[in-house]
Amino acid sequence: MAEAYPWQASLWQQLAGRRQHAHAYLLHGPAGIGKRAMAERLLALLLCQQPALEACGHCKACLLLAAGTHPDAFILQPDEPDKAIRVDQVREVVEFVSQTAQMAGRKVVLVEPVEAMNLNASNALLKSLEEPSGNTVLLLVSHQPSRLLPTIKSRCVQQACPLPSAAQSEQWLAGALPEATAEERAELLVLAAGSPLVALRLQAEGAREQRALVVEGVKQLLKQQQGPSQLAESWGNVPLLMLFDWFCDWAQGILRYQLTEDENGLGLSDMRKVLQYLAQKSPQGRVLETQDWVLQHRQKVLGKANLNRALLLEALLVRWAALPGQA
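Draft legend 1. Broad picture of the pairing of strand S1 (residues 24–28). Burial runs high along S1: five of the five residues are buried. Of the two faces of S1, the one holding Ala 24, Leu 26 and His 28 and the one holding Tyr 25 and Leu 27 are both buried throughout. One ladder, built from five bridges, connects S1 with strand S4 (residues 136–142); its direction is parallel. Counted as the bridge partner of Leu 27 is Val 141 from S4. As paired strands, S1 and strand S5 (residues 157–160) are joined by four bridges and run parallel to one another. Note that in S5 the partner of Tyr 25 across the bridge is Val 157.

Quick look at the structure:
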């Protein structure tokens, strides 16, 4: 059964206590706060033959769901992480929704993440969202609801999922990573923008070690000890989106310091002196141009655009190396 996170308790009571459910829910919020787990709990509850405030876990429906063989459950997701949900996958959902429930109860569809559907796939799902046949409930999970078609959102009950407090994030991550120090966990939470599940994933992916490599590379770049092309090649194993997230944060930190001279706005200690130096030595107009460029290309990375990684990183580093100096 999916994990029940403490920060979801109030919303779960509200959803699980409903006598009548909507035909479609859109569960949305930042990545890493447990939306998928909430959707899986709700899916299990809706299919359970003896439900209370949770699925019982013992009836035939629950056992079939646990085995991954429940005939009235359909989970739609990309075939591979960070890939699109294809229109032919959505057509399978449409066919599933049109059929009669095999266990004489509900049919439930879980789609995650909804924004992975392209325009054709989204349009293919609209009919099922508008007029689902029989007793069907669709559970849509979105990390970026702004990317969804208005027609998709308008056909769902939109439910913002709660974010954990800083204390809840720290407490949960301490239980999940007992071997890590409090300082390491705090650093992971900063890198994860406060999302404890993202922090756990970053630890598994070696994000702190990757960041140390990137930070050292940026310092060498500014000292002219490494060139952009050589450095871009050495970062081959660092996820592109992660790199652009860091450079976005650093550009914002430079601008913030130029406006406020507040060192607390410079983020983690590993880059504070570098950002302070760049803020003092770089013309603000050039920093703004660089920030705009980074944001534009981050959107392309998010949109899965077909980009030449080496050339993109080299262009980023050329701009970064050119920040300090006269306007």
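Draft legend 2. Local environment of the packing of aromatic side chains. Counting across every chain of the model gives eight aromatic pairs. Between Tyr 5 and Trp 172 the ring centres are 5.8 Å apart and the planes differ by 70°, which places this aromatic pair in the edge-to-face class. Placement of Tyr 5 in the segment before helix H1 (9–16) and of Trp 172 in helix H7 (residues 166–176) is noted, with a sequence separation of 167 residues between them. Each member of the pair Tyr 5 and Trp 172 is classed as buried. Ring-pair connections join several aromatic residues into one group, and the members of that group are Trp 235, Phe 247, Trp 250 and Trp 320. Sitting over the face of the ring of Trp 246, Arg 211 holds its NZ or CZ atom 5.5 Å from the ring centroid.

Draft legend 3. Structural view of the packing of helix H10 (residues 207–222) against helix H15 (residues 309–321). At a closest axis distance of 10 Å, the pairing of H10 and H15 adopts a crossing angle of 55°. Classified by the angle between their axes, H10 and H15 sit oblique to one another. Read as a crossing pair, H10 and H15 show a hand that is right-handed. Every residue of H15 that contacts H10 at Val 218, Leu 221 and Leu 222 is listed here: Leu 317, Trp 320 and Ala 321. Classifying every residue of the contact of H10 with H15 by side-chain character gives six nonpolar, no polar and no charged.

Draft legend 4. Representation of unusual backbone geometry within the structure. Glu 112 connects to Pro 113 through a cis peptide bond whose omega is -5°. The residue Pro 113 is located in the loop between strand S3 (107–111) and helix H5 (119–130) in this model. Of note, the phi angle at Gln 224 is positive, near 60°, even though the residue is not glycine. A relative accessible area of 74% places Gln 224 in the exposed class. One non-glycine residue, Glu 261, lies in positive phi territory at about 55°. Examined against the element boundaries, Glu 261 turns out to sit in the loop between helix H12 (240–260) and helix H13 (272–281). Residue classification places Glu 261 among the exposed residues on the basis of a relative accessible area of 61%.

Draft legend 5. Quick look at the nonpolar core. The biggest cluster of nonpolar side chains holds 74 residues, and the ones touching the most others in it are Val 214, Val 218, Trp 235, Phe 244, Phe 247, Trp 250 and Trp 320. The leading source of residues in this core is H12, at 12 residues. The residues contacting Phe 247, other than those within four sequence positions of it, are Val 214, Val 218, Trp 235, Val 294, Leu 316, Leu 317 and Trp 320. Grouped together as the second largest cluster of nonpolar side chains are 23 residues, Leu 76, Ile 85, Ala 121 and Leu 129 included.

Draft legend 6. Summary view of the sheet that holds S5. Taken in spatial order, the five strands of this open sheet run S2-S3-S4-S1-S5, and their pairing is parallel. Strands at the two margins of the open sheet, each flanked by one partner only, are strand S2 (73–76) and S5. Put simply, the sheet's adjacent strands are angled 15° from each other on average, direction ignored. Here helix H2 (residues 35–47) sits on the sheet in contact with S1, S2, S3 and S4, set at roughly 170° to S4. Packed on one face of the sheet, helix H4 (residues 87–98) meets S2, S3 and S4 and runs near 165° to S2.

Reading the values: rules and limits
- Residues numbered from 1 in each chain as written.
- Predicted model: local features only at pLDDT ≥ 70, side-chain atom pairs only at ≥ 80, totals over all residues.
- Heavy atoms only, no water.
- Buried < 20%, exposed > 50% of the residue type's maximum accessible area, 1.4 Å probe, protein only.
- Helix = DSSP H or I, 4+ residues; strand = E, 2+ residues; numbered from the N terminus.
- Pairing = 2+ DSSP bridges.
- Phe/Tyr/Trp six-rings, centres within 6.5 Å; stacked < 30°, edge-to-face > 60°.
- Lys NZ or Arg CZ within 6 Å of the ring centre and 35° of its normal.
- Axes fitted to C-alpha atoms, helices over the stretch in contact; angles between N-to-C directions.
- Parallel < 35°, antiparallel > 145°, perpendicular 65-115°, else oblique.
- Left-handed = near helix turned anticlockwise from the far one by under 90°.
- Contact = heavy atoms within 4.5 Å.
- Nonpolar A, V, L, I, M, F, W, Y, C, P; charged D, E, K, R; others polar.
- Core = buried A, V, L, I, M, F, W, Y, C linked by side-chain atoms within 4.5 Å.

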